[in-house]
Structures are given as C-alpha cells and as structure tokens.
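A look at the structure
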Amino acid sequence: MIQQMYPAIAHRFVYELNKDMQFAAAHYVPAEQAGKCRQLHGHTYFANITVAGDELDASGFLVNFAILKQLIHDRFDHSLLNDDSDLFDDERPDRFPTTEVVARTICELVQAHLDGTANRPRCLQVYVRETPTSYCLYRPKDGESL
Ligand SMILES: Nc1nc2c(c(=O)[nH]1)N=C([C@H](O)[C@H](O)COP(=O)(O)OP(=O)(O)OP(=O)(O)O)CN2
Ligand SMILES: [Zn+2]
C-alpha cells in the first residue's frame, strides 16, 4: 500500500480527490550541469494527483480514479521518458524529463482529459517523488487555489 505525506493545497471547491500511483521509468537529463543524471538511469516514481471541483459526473465521480491511472501509469510505466517525443524533448530544457517537468506534464495530461468532461474539474496539484530525498510539487497558476 502506498502511504506518503505530501503538502495539501487550499481551495474553495467542495470536492477534492487524490490519486496515488507509482511507475518505474528510466530517464536522463541532457544538460552539462546534471552531472551523473546525464547518464541513463531509472527510478520508481511516486506521484500524487489532486483533482477538485464542485460538480460530479453521471457516476458520482469527480473523475474516475482508474482513468487517472490509465493516463499516467499506463503511459510511463517501464518506459524511457526521453523517448516520449510528444511530451519530452532533449533539445529544450523546459521539456527535459526532470522531476519538475514530469510533474507539470502529468498535470497537463490530466487537465487535458478533464477539459473534455461534462463536470470539468481542475487538476490543482501534482506531487512527484523521484528518489527518497527528492520531490517536486507543480501547481498550475490558473488552478483556482487560494
Ligand atoms: N531540480 C532538479 N535537480 C535534479 C533533478 C531534477 O529532476 N530536478 N534530477 C536529478 C537526477 O535525475 C537524480 O535522479 C536525482 O538526484 P538526487 O536527488 O541528487 O539523487 P541522489 O540519490 O544522489 O540524492 P542524495 O539523497 O543526495 O544521495 C538531479 N538533480
Ligand atoms: Zn533521475
């Protein structure tokens, strides 16, 4: 069972859900300053996705937990992140698969799905832990947090 503490986000929506997941993935950070992380290596990533909204869908869900897992786990698990050229780009630092960019990318993938739903909830926060000592939080500026 995944049990992990992560920072909560303040907001005024009446519903908030959180989905935890893990995925095993390889990456490298193609920057001189990345040191040893320029070499291909892998992590068991831990992600927490926070979705909030005021309306539920026809199933009584903000969004189906299983859909969130499909969107993220099924795409990234046992992959080389750098190979996913729709999302990452070895020529652009804002699209290197760093913890920061992975967190932002997860948020963007989730929000793109949510934008196509009738109840249109918001992805307010994505937490990505890359190692036991390193994690990043991404909170979109238009996320309507307080
Ligand atoms: N701001 C960022 N810094 C670093 C990133 C990153 O994504 N964003 N990534 C790396 C490496 O990819 C590495 O996977 C993680 O590095 P680090 O936490 O330094 O790993 P260690 O196991 O060596 O950590 P210690 O606890 O200090 O032993 C590097 N930097
Ligand atoms: Zn790494």
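Residues numbered from 1 in each chain as written. Chains lettered and ligands numbered in written order. Predicted model: local features only at pLDDT ≥ 70, side-chain atom pairs only at ≥ 80, totals over all residues. Heavy atoms only, no water.

Taking an unreviewed UniProt entry as the reference, the protein is identified by name as 6-carboxy-5,6,7,8-tetrahydropterin synthase belonging to Paenibacillus hodogayensis. Taken from UniProt, the Pathway (unreviewed entry) comment for the protein reads in full: "Purine metabolism; 7-cyano-7-deazaguanine biosynthesis." Checking UniProt for the protein, the heading Sequence similarities (unreviewed entry) contains the comment "Belongs to the PTPS family. QueD subfamily." (UniProt positions renumbered as here; feature names shortened; annotations may be inferred.)

Description of the coordination of the zinc ion (ligand 2)
At this site the zinc ion (ligand 2) is bound by H27 (NE2), H41 (NE2) and H43 (NE2), with donor distances of 1.9 to 2.1 Å. Sequence spacing of the donor residues for the zinc ion (ligand 2), all on one chain, is H-x13-H-x1-H. A residue pair is termed long-range when its members are at least 10 positions apart, and H27 in strand β1 (residues 15–27) and H43 in strand β2 (residues 41–53) qualify at 16 residues. (Donors = N, O, S within 2.8 Å, 3.2 Å for Na, K, Ca; no water. Helix = DSSP H or I, 4+ residues; strand = E, 2+ residues; numbered from the N terminus.)

Some points on the confidence of the model for the protein
The predicted coordinates of low-pLDDT regions are not to be read in fine detail. For the protein, the average pLDDT comes to 95, and 95% of its residues sit at 70 or higher. Note on the complex model: pTM 0.95, ipTM 0.94. (pLDDT = per-residue confidence, 0-100.)

Topic: the pattern of salt bridges
On inspection of all chains with the given rule, the structure shows five salt bridges. Measuring nitrogen to oxygen at the nearest pair gives 3.9 Å for the salt bridge that ties R122 to D115. Taking relative accessible area as the criterion, R122 reaches 16% and is therefore assigned buried. Overall, D115 belongs to the partly exposed group, its relative accessible area being 34%. (Salt bridge = Lys/Arg side-chain N within 4 Å of Asp/Glu carboxyl O. Buried < 20%, exposed > 50% of the residue type's maximum accessible area, 1.4 Å probe, protein only.)

Some details on the nonpolar core
Membership of the largest hydrophobic core comes to 27 residues, with the highest contact counts inside it found for F23, I49, I72, F76, I106 and V110. Secondary structure elements with two or more residues in this core: β1, β2, α1 (65–76), α2 (99–114) and β4 (122–131). Here the element with the most residues in this core is α2; it accounts for eight residues. (Core = buried A, V, L, I, M, F, W, Y, C linked by side-chain atoms within 4.5 Å.)

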